[in-house]
Amino acid sequence: MAMNDPQTWSFRKKWGQTLLLTLMTLNVQIAGSIFAPAMRPIEAEFGVAQEVVVLGITLTLLGFAFAPMVLAPLAESVGRLPIYWGGYLLFLLFSIAVADAPNVVVLLVFRFLIGVAGAPCNTMIAGSITDMFPTDSLGPPMSVFILVGLLLPVPLGPLIGGFILQRFSWRYVFWWPLVPAAAMFILLFLPFMCETRMHKHSPKLTTVTLPWKMLAGDIVVASFSLWLAFSWGVTYGLLESVDEVFRTLYGFDVDGVGCVYIGLIIAVFVGWPAAVFGEAIWRRPRPQPCKDDRAESPSRSSCSQSDCPPPERRLILACIGAPMVPAGLFTYGWTSYRSVSFYAPIFGVGLTFFGIFTIYYSVFLYLSTGYSSNAASALSAAGFWRNIFAAAFPLFTRQMYQRLTYHWASSLLGFVALALGIIPVALLSWGHYLRARSKFIEA
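Keep in mind that this is a model prediction, so the values were computed, not measured.

About the cut-offs
Residues numbered from 1 in each chain as written. Predicted model: local features only at pLDDT ≥ 70, side-chain atom pairs only at ≥ 80, totals over all residues. Heavy atoms only, no water. Salt bridge = Lys/Arg side-chain N within 4 Å of Asp/Glu carboxyl O. Helix = DSSP H or I, 4+ residues; strand = E, 2+ residues; numbered from the N terminus. Buried < 20%, exposed > 50% of the residue type's maximum accessible area, 1.4 Å probe, protein only. Core = buried A, V, L, I, M, F, W, Y, C linked by side-chain atoms within 4.5 Å. Contact = heavy atoms within 4.5 Å. Patch = residues over 30% accessible without salt bridge, like charges linked within 9 Å, V, L, I, M, F, W, Y side chains within 5 Å. Areas by Shrake-Rupley, 256 points an atom, 1.4 Å probe, with all protein chains shown as cover. Axes fitted to C-alpha atoms, helices over the stretch in contact; angles between N-to-C directions. Left-handed = near helix turned anticlockwise from the far one by under 90°. Nonpolar A, V, L, I, M, F, W, Y, C, P; charged D, E, K, R; others polar. Arc of directions from axis to C-beta. Phe/Tyr/Trp six-rings, centres within 6.5 Å; stacked < 30°, edge-to-face > 60°. Expected span 1.5 Å × (residues − 1).

A. Broad picture of the pattern of salt bridges. Summed over the entire model, instances satisfying the criterion amount to eight salt bridges. A salt bridge links Arg171 to Glu45; the shortest N-O distance between them is 3.1 Å. Remark: Glu45 occurs in helix α2 (residues 39-46) and Arg171 occurs in helix α10 (residues 171-175); sequence separation between them is 126 residues. Judged by its relative accessible area of 44%, Glu45 is partly exposed. In this structure, Arg398 engages Glu240 in a salt bridge whose closest nitrogen and oxygen atoms are separated by 3.5 Å. With Arg398 in helix α20 (residues 375-420) and Glu240 in helix α14 (residues 219-248), this pair connects stretches of sequence that are 158 residues apart. Accessibility expressed as a relative area gives 10% for Arg398, which makes it buried. Here the residues in one salt-bridge network are Arg40, Glu240, Asp243, Glu244, Arg247 and Arg398, joined through shared partners.

B. Spatial organisation of the nonpolar core. With 141 residues, the main nonpolar core has Tyr88, Phe174, Phe224, Phe246, Phe364 and Leu367 as its most contacted residues. By residue number, the principal contributor to this core is α20, which donates 16 residues. Discounting residues that sit within four places of it in the chain, Tyr88 has contacts with Met24, Asn27, Val28, Ala117, Cys121, Ala181, Phe185 and Phe189.

C. Quick peek at a nonpolar patch on the surface. Together, Leu89, Leu90, Leu93, Ile96, Phe168, Tyr172, Trp175, Trp176 and Val179 give the surface a local cluster of nonpolar side chains, amounting to about 820 Å² of exposed area. Sorting elements by how many residues they give to the nonpolar patch places helix α5 (residues 80-99) first, with four residues. Within the secondary structure layout, Val179 lies in helix α11 (residues 178-192). Given a relative accessible area of 53%, Val179 falls into the exposed group.

D. Layout of the packing of helix α16 (residues 271-282) against helix α19 (residues 343-371). Across the interface, α16 lies against α19 with an axial gap of 10 Å and an inter-helix angle of 35°. Where α16 crosses over α19, the handedness of that crossing is right-handed. Along the contact surface, α16 presents Gly271, Ala274, Ala275, Gly278 and Glu279, while α19 presents Phe354, Phe357 and Tyr361. Of the residues belonging to the contact of α16 with α19, the class tally is five nonpolar, two polar and one charged.

E. Focus on α2. All buried positions along α2 are accounted for by Met39, Ile42, Glu43 and Phe46. Seen from one end, α2 has its buried residues packed into an arc of 105°, which puts them on one side. Residue Gly47 follows α2 closely and has a positive phi angle near 65°.

F. Molecular detail of the packing of aromatic side chains. Applying the stated rule across the entire model yields 36 aromatic pairs. Here Tyr250 and Phe342 contribute two aromatic rings whose centre-to-centre distance is 6.2 Å and whose plane-to-plane angle is 75°, an arrangement assigned as edge-to-face. With Tyr250 in the loop between α14 and α15 (254-269) and Phe342 in the loop between α18 (324-334) and α19, this pair connects stretches of sequence that are 92 residues apart. Tyr250 sits in the buried class, given a relative accessible area of 17%. Of the aromatic side chains, those joined through ring pairs into one cluster are Phe66, Trp212, Phe230, Phe384, Trp385, Phe389, Phe393 and Phe396.

G. Local environment of unusual backbone geometry. A positive phi angle, near 75°, is found at Thr405, a position not held by glycine. Tracing the chain through its elements places Thr405 in helix α20. What makes Thr405 partly exposed here is its relative accessible area of 34%.

H. Local environment of helix α9 (residues 153-165). For α9, built from 13 residues, the straight-helix expectation of 18 Å at 1.5 Å per residue is met to within 8% by its first-to-last C-alpha distance of 17 Å. Buried residues dominate α9, accounting for ten of its 13 residues. Burial in α9 covers these residues: Pro153, Val154, Pro155, Leu156, Gly157, Pro158, Gly161, Gly162, Ile164 and Leu165.

I. Just the side chain of Thr60, in detail. Within the fold, Thr60 resides in helix α4 (residues 55-78). On the accessibility criterion, Thr60 (0% relative accessible area) is buried.

J. Main features of the environment of Phe246. Residue position: Phe246 is located in helix α14. For Phe246, a relative accessible area of 0% translates into the label buried. Considered as a pair, Phe246 and Ile346 are 100 residues apart in the sequence and their alpha carbons are 9.5 Å apart. Once residues within four sequence positions are removed from consideration, Phe246 is found in contact with Gly251, Phe252, Val257, Val260, Tyr332, Phe342, Pro345 and Ile346.

Here is the structure:
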């Protein structure tokens, strides 16, 4: 038994590492979303248009998109831990530059660099989780990562930023979160975080280009990338639309909009029982203990098709939850009237967030289960388009809601979400056939 194999670690150590990695992602993701409430005062101080300031969100997400496509293969050579530590340290330093920016150009440049530096902590963490947990145990740690690391920061960042903005200048929106983020780096991440990449090797050209090949040559990765991309684009588009709708329609101030984000945080945590339900679906009937498929590491548990449920069973929860995305968007759009209680559109956005969680949970676990050792590359490929769409949506969301009206703008997104909902249904039926023909999938 290889004692340095992360899958031989104790239950306590595995979950301790998972929580540390999730906290790292939480801090980086908050830096991406906390910019939203600071946009108006930044516009006023620097005398620039809203279309310029919104690049502060877009450029960060572009950094999240492109950097992992290079850094993920590099981690195969030097390990994941140096990439995490180096990126996070630069993330902290660039955040200081943003808080002290003398003009909008400097601010935007360092917002992009924040995205590049923080990208490993945003996109590569799922790969570390697959390093530690066998395929049949991925559900619980992955649900924690998705809920707390990826989805929670989307409403939590603007909530924290709005609270700070009501009492201090916009610069403190970026200064205050640095304190706990830096403290965690010194007190938790540096002394306690461990390397999860067991086998390191020099990255070959085929390894470096693997995420791109998956995007172009694997219909499963391409389909899920499109689905995740639209869902994540809607998530960041809602950051723009919530501010527009509730300020304009209901006259909310910054604290009032913050209450909307509290409702979204509640919706995110409703995902916990959904994750438990999804795990129960996947494990019924309960699989037999997994056989070992990897000669180089006898302790590493890898499910074969005869031992564990097929990856397609992970998509059952998505088939149930995906219709909630268009349902939530339609509710959000057609209850956005002054004569209707503001609780109704909040419920619509919350329902959308819940549906997006089921998509993330199912897709991340499907790719991790189906692609085995190539899971990190598959998730990096899906993460690329996810962040590209998220970078694009804030650029046109406010204009779309103003020109199409709140009702039809949300409905347009709802119709697209309805059409994309066919993806999990199709793969639930034909996924086993596609897996058999794919040269990338091992399960």
